[in-house]
Amino acid sequence: MTTMTQTSARFREFKMPDVGEGLTEAEILKWFVQPGDTVTDGQVVCEVETAKAAVELPIPFDGVVHELRFPEGTTVDVGQVIITVDVAPGSDDAVAPAADPVQEPVEAPAEEPKGRTPVLVGYGVAESSTKRRPRKGASAAPEAAAVAAAVQAELNGHGSAAPVVDAPPAGRPLAKPPVRKLAKDLGIDLATVVPTGKDGIITREDVHAAAAPAAEASPAPASLAAAPQASEPAAAPAEAPAAVGSARETRIPVKGVRKAIAQAMVGSAFTAPHVTEFVTVDVTRTMKLVAELKEDKEMAGVRVNPLLIIAKALLVAIKRNPEVNAAWDEANQEIVQKHYVNLGIAAATPRGLIVPNIKDAHDKTLPQLAAALGELVTTARDGKTSPAAMAGGTVTITNVGVFGVDTGTPILNPGESAILAVGAIKLQPWVHKGKVKPRQVTTLALSFDHRLVDGELGSKVLADVAAILEQPKRLITWA
């Protein structure tokens, strides 16, 4: 299945592609074109955010933009049309394709998954297992119902002066099964919720908005809200109205990177039995080495910092203890030992925590590793990390020390065997050569999957990293 359809000789549709492996939805972050703009094959028309990364989408044909189906900030299912293009502007041999009529989604029996074919970005979406049935016609609602809908919009937090859109007819409200379940769990009657989704479909945000002020609503507006749905209910404006208790909490939809983080961390924490060990180490010599490398001509143009030496130390420790670099295959009941190291670096970004990795980090020299680290961090902070850059990691480093934290008990990145947390490097009193002296000290924490890594093996890896940071010359003698 491709990401575009041809509705006539003149107008073509471009659908939301699967920009990652098996992703089902993406949020439109920004449109780079508007109706009337000329586009060419391969031109980027929008930026979308998936559960893994922000991705720019190029359009695969020439023409003039006819319609943008969704505004910025909308989460769109893979396979839905997001833009239509007039590929023969000035012609009058065809009419523009209209947006799909409002239809009520109903669940269909599950079918065997079908293969997907490569498309412009990622892979084509598999055939949908959801079928739709046409809605019955609806008569115009009375004026009093419009007033009731406006009041309900006020209660939902959408405002009273919002523009109006066509509403679903009286009867069963339009909502996807997960949204219906959410409403049921929160005790919200969908008939009282004003939809803001396309074609009058109720979204998760609508349900949350209705749930927030429900307990604070006064009897008068509540009775009005129980009136029949209006034919033109209010849609969400730019700012929400003041409501009783509305300033006391904020509800943020869980989606995109945050949703992926939550699912991954829960899955990891309740699948892999975690063990965490700690060691405090004098890294004064490592800090001296960092200062010397910054003046080295071979390191010119790359960023040199303690994380670089720590990453190299972990790679050497893995080389000395290769059994730690493995994965658990639950389906086949096998331990898969990796003969390569894709070193993950946990990065805090405006969109949340992501873990891109340096492919084949074990083969890189120190300058190459420094360059790869710099590129990885810059790309992550710019929000341009691709899904491929976050796939296939084997072990990870998380540097909590940049926040002034001494240490932590990190959770494994799913599919990996170990994660090393690095604490803040601080000047502390330390016994050195029989005397108490101020030394630069940090605490390391290594979490590992106890199905794969026994206590002895985990301890050896952590002790080797600490030994290298205490005596960096071991990078040469142990390499």
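Residues numbered from 1 in each chain as written. Predicted model: local features only at pLDDT ≥ 70, side-chain atom pairs only at ≥ 80, totals over all residues. Heavy atoms only, no water.

Novice: Could you give an account of the overall build of the protein chain, naming the residues involved and the relevant values?
Specialist: The number of helices and strands found in the protein chain is 10 helices and 22 strands. Put simply, the protein chain has 479 residues, and 42% of those count as buried. In the protein chain, the proportion of contacts linking residues at least 24 apart, taken out of those at least 6 apart, comes to 66%. Put simply, the protein chain shows about 24,900 Å² of open surface, and 54% of that area lies on carbon and sulfur atoms. (Helix = DSSP H or I, 4+ residues; strand = E, 2+ residues; numbered from the N terminus. Buried < 20%, exposed > 50% of the residue type's maximum accessible area, 1.4 Å probe, protein only. Contact = heavy atoms within 4.5 Å. Areas by Shrake-Rupley, 256 points an atom, 1.4 Å probe, with all protein chains shown as cover.)

Novice: Pulling in residues and values, what's your account of the packing of helix 7 (residues 306-320) against helix 9 (residues 455-470)?
Specialist: Running from amino to carboxyl end, helix 7 crosses helix 9 at an angle of 135°, the nearest separation of the two axes being 9 Å. Judged by the inter-axis angle, helix 7 sits oblique to helix 9. Of the two elements, helix 7 crosses helix 9, and the hand of that crossing is right-handed. On helix 9, the residues touching Ile309, Ile310, Ala313, Leu314, Val316, Ala317 and Arg320 of helix 7 are Val461, Asp464, Val465, Ile468 and Leu469. Split into classes, the residues belonging to the contact of helix 7 with helix 9 amount to 10 nonpolar, no polar and 2 charged. (Axes fitted to C-alpha atoms, helices over the stretch in contact; angles between N-to-C directions. Parallel < 35°, antiparallel > 145°, perpendicular 65-115°, else oblique. Left-handed = near helix turned anticlockwise from the far one by under 90°. Nonpolar A, V, L, I, M, F, W, Y, C, P; charged D, E, K, R; others polar.)

Novice: For the nonpolar core, give the residues involved together with the corresponding values.
Specialist: Of all hydrophobic cores here, the largest spans 47 residues; its most connected members are Leu314, Leu343, Ile397, Leu420, Leu444, Val465 and Leu469. In terms of residues, this core owes the most to one element, helix 7, which gives 11 residues. The residues contacting isoleucine 397, other than those within four sequence positions of it, are Leu307, Ile310, Ala311, Leu314, Leu343, Gly344, Ile345, Ala346, Leu420 and Val422. Core analysis: the second largest hydrophobic core is formed by 23 residues, Ile28, Phe61, Phe70 and Ile83 among them. (Core = buried A, V, L, I, M, F, W, Y, C linked by side-chain atoms within 4.5 Å.)

Novice: Hey, could you go over the sheet that holds strand 6 (residues 54-58) for me, with residue numbers and the actual values?
Specialist: As a general point, the strands of a sheet are linked pairwise by backbone hydrogen bonds and lie either parallel or antiparallel. Strand order in the open sheet formed by 4 strands is 6-5-3-8, with antiparallel pairing between adjacent strands. Strand pairing shows two members of the sheet lacking a second neighbour, strand 6 and strand 8 (75-77), which therefore form its edges. The sheet shows a mean angle of 40° between the axes of neighbouring strands, direction not considered. (Pairing = 2+ DSSP bridges.)

Novice: Tell me what's going on with the packing of aromatic side chains, and back it up with residues and numbers.
Specialist: Taken as a whole, this structure holds 0 aromatic pairs when the rule is applied. Stacked on the ring of tryptophan 478, the Lys or Arg arginine 320 has its end atom at 3.8 Å from the ring centre. (Phe/Tyr/Trp six-rings, centres within 6.5 Å; stacked < 30°, edge-to-face > 60°. Lys NZ or Arg CZ within 6 Å of the ring centre and 35° of its normal.)

Novice: Which residues make up the confidence of the model for the protein chain, and what values go with them?
Specialist: Predicted coordinates in areas of low pLDDT are best not read in detail. Per-chain confidence: the protein chain averages 78 in pLDDT, with 73% of residues scoring 70 or above. This stretch, residues 101-169, has a pLDDT under 50; its non-local contacts, to residues over four places away or in other chains, come to 136 contacts. When the criterion is pLDDT under 50, residues 215-245 qualifies, and its contacts beyond four places in sequence or with other chains add up to 58 contacts. (pLDDT = per-residue confidence, 0-100.)

Novice: Please set out the pairing of strand 22 (residues 435-449) residue by residue, giving values where relevant.
Specialist: Sheet topology places strand 12 (residues 274-282) next to strand 22; 9 bridges connect them, and they run antiparallel. Within strand 22, the residue paired with glutamate 277 across the bridge is leucine 446. Here strand 21 (residues 426-432) runs beside strand 22; their pairing, made up of 7 bridges, is antiparallel. Each residue of the ladder has a partner; that of tryptophan 430, found in strand 22, is lysine 437. The hairpin turn running from strand 21 into strand 22, its antiparallel successor, is 2 residues long, and lysine 433 in that turn takes a positive phi close to 55°.

Novice: Break down helix 8 (residues 366-381) for me, citing the residues and quoting the values.
Specialist: The first and last C-alpha atoms of helix 8 sit 23 Å apart over 16 residues, in line with the 22 Å expected at 1.5 Å per residue. Leu369, Ala370, Ala372, Leu373, Leu376 and Ala380 are the residues of helix 8 that are buried. All buried residues of helix 8 fall inside an arc of 165° around its axis, so they share one side. Where helix 8 is buried, its residues touch helix 7, strand 15 (343-345), strand 16 (347-349), strand 17 (352-354) and strand 18 (357-358). Two residues or fewer past helix 8, glycine 383 is found with a positive phi of approximately 75°. (Expected span 1.5 Å × (residues − 1). Arc of directions from axis to C-beta.)

Novice: Can you tell me about the pairing of strand 2 (residues 11-15), naming the residues and giving the values?
Specialist: In terms of burial, strand 2 is a largely internal element, 4 of the 5 residues being buried. As defined by bridge partners, strand 2 adjoins strand 9 (residues 81-86) across 5 bridges and the pair is classed as antiparallel. Of the residues in strand 9, the one forming a bridge with glutamate 13 is threonine 84.

Novice: Quick one: what's the story with the side chain of arginine 69, residue by residue and with numbers?
Specialist: Assignment of secondary structure puts arginine 69 in the loop between strand 7 (63-68) and strand 8. Relative accessible area serves as the criterion here: at 7%, arginine 69 is assigned to the buried category.

Novice: Pulling in residues and values, what's your account of the pattern of salt bridges?
Specialist: By the definition in use, this model includes 12 salt bridges. Ionic pairing is found between glutamate 47 and lysine 384, a salt bridge with its closest N-O pair at 3.3 Å. Of this pair, glutamate 47 sits in strand 5 (residues 44-49) while lysine 384 is found in the loop between helix 8 and strand 19 (395-399), placing the two residues 337 residues apart along the sequence. Here lysine 384 falls in the partly exposed class, since its relative accessible area comes to 41%. Between aspartate 449 and arginine 451 there is a salt bridge; the shortest N-O distance is 2.8 Å. Judged by its relative accessible area of 26%, arginine 451 is partly exposed. Here the salt bridges do not stand alone but share partners, grouping Glu13, Glu67 and Arg69 into one network. (Salt bridge = Lys/Arg side-chain N within 4 Å of Asp/Glu carboxyl O.)

Novice: Account for a positive patch on the surface, naming residues and giving values.
Specialist: Side chains of Lys288, Lys433, Lys435 and Lys437 sit close together on the surface and give a patch of like positive charge. When its relative accessible area of 51% is taken as the criterion, lysine 288 is described as exposed. (Patch = residues over 30% accessible without salt bridge, like charges linked within 9 Å, V, L, I, M, F, W, Y side chains within 5 Å. Lys, Arg positive; Asp, Glu negative; His and termini not counted. Charge placed at Lys NZ, Arg CZ, Asp CG, Glu CD.)

Novice: An account of a nonpolar patch on the surface is requested, with residue identities and associated values reported.
Specialist: Nonpolar side chains collect at one region of the surface, where Val402, Phe403 and Val405 lie side by side and expose about 310 Å² of accessible area between them. Of note, valine 402 is situated in the loop between strand 19 and strand 20 (418-422).

Novice: Now, about the environment of alanine 327: what can you tell me, with residues and values included?
Specialist: Looking at the element boundaries, alanine 327 is found in strand 13 (residues 326-329). By relative accessible area, alanine 327 is classed as buried at 11%. Remark: the alpha-carbon pair of alanine 327 and valine 395, spanning 68 residues in sequence, is separated by 9.9 Å. Not counting chain neighbours up to four residues away, the residues in contact with alanine 327 comprise Glu334, Ile335, Val336, Lys338, Gly415 and Leu452.

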